[in-house]
Amino acid sequence: MRITKFTIAIIFISLMFLVKLYFFKLEPAYATSVVGTIDIISYSLLFMGGIIFFMFEKKRRIVVPNKKGKRDAKITIFLFAISLVVIIISSYVNLSKGAIEWDAIALYDARAKFLSQGMNFSEMVSLSKFDDKNQYYYLLYPPYTSIVHRFWHEHVSIAPISFYYSLNLILLGLGIFLLTKERLGVLFAALLMFLSIANTNIFYTSIIEYTNLPFTLYIIFGFFLILHFIESKEKWSLFFGTVLIGTSQFIRFLEPIWIAVVIAFFLTALVKRKNKTISLSIVVLFVFCALQYYSWQFFVGSIADNPQIFDFSHITIIEGILGIFTGGLFKVTLYLIRSWGLTLLVYLVSLINIGRRKKLADIFAGWVIIFSILFYWGSLYLISLEYDWWVEMGESLMRSSTYLLPISAYLLLKNVKIILGETRTGLGKRKIGFSEIIKRAFVRS
Amino acid sequence: MQNIQKYNKTNLLVLLKQVRSLCYSIFPLIWASALLVSIGEALLYPGVTKKYLLINPLWVYFILIAACLFSKYDPKYKKSVLSEKLNKINLSLAFLFGLLYLSLMNLEKLNYSNFVFSKLHVHPAELKWPLFVVLISYALSRRGFHTIVNNKNIIKKIRPEMIIITLALMVSADNLIGISSMIEKDISFMLSNPLASYDLKMSEKVTPLFYEYTSFIKTNVPEESTILIPPQGYPWPQTGNSAYLRYFLYPRKVLNGEEYLPGANYTKNDIDYVLIAWGETIGTEYDYTHGWPKFDVAAEEIIYITNEKDKDKVMGNYVYEAVKDKELWGVIKITK
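Residue positions within a chain follow its written sequence, with the count starting from 1. For naming, the first written chain is A and the first written ligand is 1, with later ones following in the order written. In view of the model being predicted, local features appear only for residues whose pLDDT reaches at least 70, and side-chain atom pairs are presented and counted only at 80 or more, with totals across whole chains, interfaces and linings using the full set of residues. Each side-chain value is worked out from all heavy atoms of the structure, with water and hydrogens disregarded.

A look at the packing of helix H8 (residues 162-197) of chain A against helix H10 (residues 212-232) of chain A
Residue and element names in this part refer to chain A. So the rule is basically this: Each axis is a line fitted through C-alpha atoms, taken for helices only over the stretch in contact, and angles between the N-to-C directions span 0 to 180 degrees. Helix and strand labels come from DSSP, where a helix needs a run of H or I of at least four residues and a strand needs a run of E of at least two; each type is numbered from the N terminus. Convention used here: angles under 35 degrees read as roughly parallel, angles over 145 as roughly antiparallel, angles from 65 to 115 as roughly perpendicular, and any remaining angle as oblique. Here a crossing is called left-handed whenever its near helix is offset anticlockwise from the far helix by less than a right angle, and right-handed whenever the offset is clockwise. Two residues form a contact once any of their heavy atoms are found within 4.5 Å. Ten residues, namely Ala, Val, Leu, Ile, Met, Phe, Trp, Tyr, Cys and Pro, are considered nonpolar, four, namely Asp, Glu, Lys and Arg, are considered charged, and the remaining ones, Gly among them, are considered polar.
In the contact formed by H8 and H10, the axes pass within 10 Å of each other and the chain directions differ by 15°. Considered as vectors, H8 and H10 are oriented roughly parallel to each other. In this structure, H8 meets H10 at a crossing whose hand is left-handed. Across from Tyr164, Tyr165, Asn168, Leu169, Leu171, Leu172, Gly175, Ile176, Leu179, Thr180, Glu182 and Arg183 in H8, the residues of H10 making contact are Leu213, Pro214, Leu217, Ile220, Phe221, Phe224, Leu225, Leu227, His228 and Glu231. Grouping the constituent residues of the contact of H8 with H10 by class yields 15 nonpolar, four polar and three charged.

Right, dumping it as structure tokens:
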């Protein structure tokens, strides 16, 4: 299991490393700057450090409670089968459709086209020089997706770029299963995998060529690796989790999810603040993520001289406070509830009982959900004060927050395991399979 | 002074206790009202409460939440049989409304907008409010979720496995139906055209009109040219979107004009061509109307998209008044 987690992490960290190296090659001004140098050195240190710790660190055994009852293979196989159906549908759509979606045409794939014709990112700013409405457009999103598109077009001729997103879906499903199998058990890990990849919003991101699915992937894997660190204290998982969370900003930059993770980790670690390892780990996570944030900001602002999409000042804060009394905050809250719909209910239900949980890992997950919701709420509110098109962000909000669903479902399933664990105790000491529980649930005794 | 503060504090506490007691006494009435309002909005139409009772239903739900919070701290609440019965009713109704909501929403997705209302006179999306009422009443009661975990008798009676399994099946069905309706249009094209070329697929995705127009531009406008395009907005969501259009025309440069003026200096911006675009959509925004450019252009030649071979190239200037209200597509080569 440890090797599986390590392998998954290495694949994504290596891929991001290669993308970053290519970006450095394209932008020598950034690569030779102090910020660029620190960026690549910090990345390399965490990368190598993770590998070294994995090889030489003593393996810690995680005690998984509620591991009662025999594994119900039939239901697990069924869940894998319907997950496979979902993946086949996604793959078929992506292999057959050929054409790409709006934002991929306008931005992600367009940049790939420009790259293949010799233009670099800092030069793309000039393309929208006379576009009063969208001057910031070409550097609104970081380069990861476009670089991947570029290399896919050049080196993978057997399948269109859309299929890359089906691969992301497969990796998301497999990764969620393998990373949670230890804690949830095989059956519940398979259920979590199915609920995640079959979720309408996550599935939708697998048939559009946008940044959302790769972003979700990096955040989810980073989250579970940090979770593993909290439980096992294995430093390699902290390092790799930090890299994945921090470098997710190289895929999408507008949503500061890394801040939610850092604050959640800080609050969780406060419980064990006297432990030096934990205290240092907060520093590692915060410093690396902040570096990644500042690196891209530096490139966009100083190297490429690209205008910002959002321009907040201290007046925005004053307007924000006044907006609470004029009903602006309520309007945004209602809009958020409508946009998220039942999914918000899932997020909130997963937080039930969070105050009574004893495991630090569960508390960390709860804080991540809470702060993510707060960030979306706060950011949307601030944007609503400055821009009248804020109401059009509903779909984008749904797509960018899909990482919350596997995390919430993970917490929910852990709660369910607790309930079912007590039920089994109530029914007697005999080990009972899940099929027997289903039968008993629907048949009156 | 201290005595006055103590007196005020005591008065406040007494007042709060009275409010708490009142909330507890009339809680079933508040709960029933909130439920009736929410069901009324779903069965009649959203806004019926505001129209006839002049009350925004959100205020009713807000009062319910406040009543839940106040009444649960009343000492009579803990021992109350009514509150226990209400909780069971809430849980059962949550199950019923949840099932109805998901089933009817999916039925709507599988057919068309307003299908459920036309057959059953129910607004499926509004069923979330009765669901919200029963769930929030249950969640805010003292006997909440952790009671299920702690009380084995309740576990045996209400069978949480049944609820959990049913919920999991409902969520799964909802997701699978959501996926099918999402890909329905794409799938039907793919299955009908398994060997479709890239051009046919792209044409289907961006509309044949727009794709044909960009192919026309690529044929008639050299790669090193700069083209003036319509302003961004309907009826030119694609031809007026410089980033979107650039994908098809790159390395040609594109520059947005204005509706009644070029908006750019032809010489200074080195503009070589101006698009003639009627508009891809019927809808418009920002008071734009169909047809562009709505200004005269000194032209070397004008190339139209037309089925008539000898009429596709026209020499001479583009005069807007002469072609006003004609649905034309083409490109103008500017006189330099």
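Digging into the environment of Ala322 of chain B
All names here are of chain B. Which entries qualify depends on this criterion: Exposed residues in this analysis have more than 50% of their type's maximum accessible area, buried residues have under 20%, and partly exposed residues fall in between, with area computed by a 1.4 Å probe over protein chains only.
Take Ala322: it is sitting in helix H14 (residues 320-323). What makes Ala322 exposed here is its relative accessible area of 53%. In sequence terms Ala322 and Asp296 are 26 residues apart; their C-alpha atoms lie 9.8 Å from each other.

Here's the deal with the pattern of salt bridges
All names here are of chain A. What counts, and what does not: A pair is scored as a salt bridge if a Lys or Arg side-chain nitrogen falls within 4 Å of a carboxyl oxygen belonging to Asp or Glu.
Within the structure shown, the criterion is met by 15 salt bridges over all chains. Between Glu154 and Arg150 there is a salt bridge, with the nearest N and O atoms lying 2.5 Å from each other. Pair noted here: Glu154 and Arg150 are both in helix H7 (residues 144-155), with a separation of four residues, about one helical turn. For Glu154, a relative accessible area of 39% puts it in the partly exposed group. For Arg150, a relative accessible area of 13% puts it in the buried group.

Concerning helix H14 (residues 314-326) of chain A
Residue and element names in this part refer to chain A. Short version of the rule: Here the expected length of a helix is defined as 1.5 Å per residue gap, with one fewer gap than residues. Read the arc as the range of directions from the helix axis to the C-beta atoms.
End to end, H14 covers 19 Å across 13 residues, agreeing with the expected 18 Å (1.5 Å per residue, within 8%). Along H14, the residues classified as buried are Thr316, Gly320 and Gly323. When H14 is viewed along its axis, its buried side chains cluster within an angular range of 65° and face the same direction. Residues of H14 that are exposed and angled more than 90 degrees away from the buried face: His314, Leu322 and Phe325. The secondary structure elements touched by the buried residues of H14 are helix H15 (328-340) and helix H17 (360-386). At the C-terminal side of H14, Gly327 shows a positive phi close to 95°.

Examining empty space enclosed by the protein
Residues and elements named next belong to chain B. The condition is simple: Every definition here rests on a 1 Å grid over the protein atoms only: cavities are sets of points where a 1.4 Å probe fits but cannot get out, pockets are open sets enclosed by protein on both sides within 12 Å along at least five of seven lines, and lining residues have some atom within 4 Å of a point. Grid points are joined across faces, edges and corners, and a volume is the space filled by probe spheres set on the points.
Across all of its chains, the model carries five cavities of 30 Å³ or more by this definition. Forming the boundary of the second largest cavity are Ile276, Trp278, His290, Gly291, Trp292, Tyr318, Tyr320, Val323, Lys324, Asp325, Lys326 and Leu328. Classifying every residue of the lining of the second largest cavity gives seven nonpolar, two polar and three charged.

Describing the nonpolar core
As a reminder of what qualifies: We define a nonpolar core as any set of buried Ala, Val, Leu, Ile, Met, Phe, Trp, Tyr and Cys residues linked to one another through side-chain atoms lying within 4.5 Å. Boundary definitions for the domains trace back to an automatic or database domain assignment.
Within the largest apolar cluster, 199 residues are counted, with the highest numbers of intra-cluster contacts made by Phe364 of chain A together with Phe248 of chain B. Sorting elements by how many residues they give to this core places H8 of chain A first, with 21 residues. The residue makeup of this core includes at least three contributed by each of domain 1 (2-189) and domain 2 (204-334) of chain B. Those residues in contact with Phe364 of chain A that sit more than four places away from it in its chain are Phe223, Ile226, Leu227, Ile230, Val261, Ala264, Phe265 and Thr268 of chain A. Ranked by size, the runner-up nonpolar core spans 20 residues in total, among them Tyr61, Leu64, Leu131 and Val134 of chain B.

A word on the pairing of strand S1 (residues 226-229) of chain B
Residues and elements named next belong to chain B. Spelled out, the test is: Here the term right-handed applies to a crossover when the path leading from its first strand over the helix to its second strand runs clockwise, the strands being oriented away from the viewer. If DSSP finds at least two bridges between two strands, the strands pair.
Residues Thr226 and Leu228 line one face of S1 and the alternating positions Ile227 and Ile229 line the opposite face, and both faces are buried. Handedness of the crossover joining S1 and strand S2 (residues 253-256) through helix H13 (residues 242-249): right-handed. Relative to strand S3 (residues 273-277), S1 runs parallel, the two sharing two bridges. Across the sheet, the residue bridging to Leu228 is Val274, located in S3.

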